[in-house]
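What follows is the residue order along each chain.
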Amino acid sequence: MKLLEQILNELGADTLKSFTVIPSFGGYFQCVRSIAEYSPQKILLVLKKTVVTIEGEKLEIGKYFEQDIFIKGNIKVINVD
Amino acid sequence: MTDLTVISIVSTAENALNRLKKAEVAVFNCKKEGAEFIFSIKSKDIKKVFAIFNKPCYNIKVKKHGLIRRILSFAALRVGLLVGAVAFVALAAVSNSFVLKIEVSGSGSYLEPEIRRIVLDEGAAEFKSFSAFNGATATGRILALPQVTYCNILKKGSVLIVDVQVDEEHYASQEQGSLLSDCDGVVKNVVAVCGTAAVNVGDAVKRGDALIYAHTVIGEEQQSCLAVGYAEIELYRTVEYFADEDNEQNLKEAYASCLIENEQITERKHTVKPTEGGVIYVIEFTCLHKLSINLN
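Counting restarts for each chain, with residues numbered from 1 along the sequence as it is written. The lettering of chains begins at A and the numbering of ligands begins at 1, in the order of writing. Selection of residues for local features in this predicted model requires a pLDDT of at least 70, selection of side-chain atom pairs for listing and counting requires 80 or more, and totals for whole chains, interfaces and linings are taken over all residues. The basis for every side-chain value is the complete set of heavy atoms in the structure, and neither hydrogens nor water enter the calculation.

> Is there a simple way to think about the interface of chain B and chain A in this case?
In many analyses, interface size is given as the accessible surface area lost on bringing the parts together. With 15 residues of chain B at the contact, the number on the chain A side is 16 residues. Only one rule defines a salt bridge in this text: a Lys or Arg side-chain nitrogen within 4 Å of an Asp or Glu carboxyl oxygen. Connecting chain B to chain A are zero salt bridges. Counting from the N terminus, the helices are the DSSP runs of H or I reaching at least four residues and the strands are the DSSP runs of E reaching at least two. Residue assignment for the side of chain B that touches chain A shows that the elements contributing at least two residues are α1 (13-22) and β2 (27-33) of chain B. Sort the elements by how many residues they give to the side of chain B that touches chain A and β2 of chain B lands first, with six residues. Residues belonging to the side of chain B that touches chain A are distributed by class as follows: eight nonpolar, two polar and five charged. Relative to β2 of chain B, strand β5 (residues 51-65) of chain A runs antiparallel, the two being bridged by three bridges. Bridge pairing in β2 of chain B places Tyr 64 of chain A opposite Val 27 of chain B. Contacts are assigned to residue pairs with any non-hydrogen atoms lying within 4.5 Å of each other. Polarity classes work like this: nonpolar for Ala, Val, Leu, Ile, Met, Phe, Trp, Tyr, Cys and Pro, charged for Asp, Glu, Lys and Arg, and polar for all others, with Gly in that last group. Think of it this way: DSSP has to see at least two bridges between two strands before they count as a pair.

Dropping the structure here:
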């Protein structure tokens, strides 16, 4: 994680707006303002300036608190608009 | 470990999640089941969640209470059962420290009344605390019983088991019944290892009188047992011995004729009566006659 934070900082990115995906397990998303759509196949997360579309199979919200969300399931596609 | 309550609500997942997020309620394990949106929250947030979705259209309900709440609910509905269980466990724990039964096993079980008496003497009794029992002394006293070669006292639950083994050679060769006097005399000593002394020192006894009874008294109860012990009876006897003449050698032989096995002469005197062809030594003596039972 330290390496990732270092890379993001050097690139001038905000670590709080990053997300992590582990194939066939799930993903952890930060800075989520709201959930625009939720189904086991598709989840739409609204961030401050972007919308993240997550597509996959058996998607479930494992934990959602404040601006952090953990999505369980097999994530196959992520679109950032 | 977080205590989670499962909530079911008729609402869109997006709407429910956004409302919960605004109220800063942590949401776990969300899933959709038809029109219902099911999620878990920390049990402490349950009132908050019901306040958020207080409108009837949400049809919110608790699907599964948290573990603590379920345990409390289970306990509240089964107070009698729990009180009974606690009472049972307490009773089992307390009764385990008590002796409720004494059992004597092994080839030496024919000595049970005597063993039971020793065990009672050393502090063990039915419905009495085991801690009051002096096991080492009891074991020593039991081992001192005739023919006992092995003794082990152990407590299994509430039962005190005394395992006693005797010398196989002597087993089944025990003399049953009481020790009876085979002569008239005065009791000088009586030792009852097992059983009960029937006479006291100084008592006059006749042939056939009991000296040691084959029973023992435990509390107020009389129980049969093996009589083990010995008694010494002082008796008076007169012996006449014929000799051709009165001399020292003949007197020695006259005295020698008095010696009988198991007897110890304590006092003696003699008179010499002349008779046709010689003399008669009349020897009067008192002796200790020893009788024993099951002491071999």
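Next, the rest of the story.
> Would you mind going over the packing of helix α5 (residues 112-121) of chain B against helix α6 (residues 135-143) of chain B with me for this structure?
Helix-helix packing is described using two parameters, namely the angle between the two axes and the distance between the axes. All names here are of chain B. Comment: axis = line fitted to C-alpha atoms, over the contacting stretch for helices; angle = value between 0 and 180 degrees taken between N-to-C directions. For the pair α5 and α6, interaxial distance at closest approach is 9 Å and the crossing angle is 155°. Here α6 runs roughly antiparallel to α5, going by the angle between their axes. Crossing geometry of α5 relative to α6 is assigned as right-handed. Only Ala 138, Arg 141 and Ile 142 of α6 make contact with α5, whose side of the interface consists of Ile 115, Arg 117, Ile 118, Val 119 and Asp 121. The class makeup of the residues in the contact of α5 with α6 is five nonpolar, no polar and three charged. Roughly parallel covers angles under 35 degrees, roughly antiparallel covers those over 145, roughly perpendicular covers 65 to 115, and oblique covers all other angles. By definition, turning the near helix anticlockwise from the far helix through less than a right angle yields a left-handed crossing, and turning it clockwise yields a right-handed one.

> Can you walk me through the sheet that holds strand β6 (residues 101-105) of chain B in this structure?
All names here are of chain B. Read from one edge to the other, the open sheet built from three strands follows the order β6-β9-β8, with strand pairing classed as mixed. Of all strands in the sheet, those with a lone pairing partner are β6 and β8 (148-156), marking the two edges. Along the sheet, successive strands turn relative to each other by an average axial angle of 15°, direction set aside. Relative to strand β9 (residues 159-166), β6 runs parallel, the two sharing five bridges. Bridge assignment links Glu 103 to a residue of β9, and that residue is Ile 161.

> What is the right way to read the nonpolar core from this model?
Note on soluble globular proteins: their nonpolar side chains tend to be buried together. In this structure, Leu 45 of chain A together with Phe 39 of chain B are the most contacted members of the largest nonpolar core, which totals 33 residues. A per-element tally of this core places β5 of chain A first, with five residues. Once residues within four sequence positions are removed from consideration, Phe 39 of chain B is found in contact with Thr 5, Val 6, Ile 7, Ile 9, Leu 20, Val 27, Phe 28, Asn 29, Cys 30 and Val 49 of chain B. Throughout this description, the term nonpolar core refers to a set of buried Ala, Val, Leu, Ile, Met, Phe, Trp, Tyr and Cys residues connected via side-chain atoms within 4.5 Å. Each residue is placed in one exposure class: buried if its accessible area under a 1.4 Å probe, protein chains only, is under 20% of its type's maximum, exposed if it is over 50%, and partly exposed if it falls in between.

> When you look at the pattern of salt bridges in this model, what are you seeing that I'm missing?
Working definition: two side chains of opposite charge can pair if their charged atoms are close together. All names here are of chain B. Applying the stated criterion across every chain, the model contains 11 salt bridges over all chains. Among the ionic pairs, Lys 44 bridges to Asp 45, the shortest N-O distance being 3.7 Å. Judged by relative accessible area, Lys 44 falls into the exposed class, the value being 67%. The partner of Arg 141 in a salt bridge is Asp 121, and the shortest N-O contact between them spans 3.2 Å. In this pair, Arg 141 is assigned in helix α6 and Asp 121 in helix α5, connecting sequence segments 20 residues apart.

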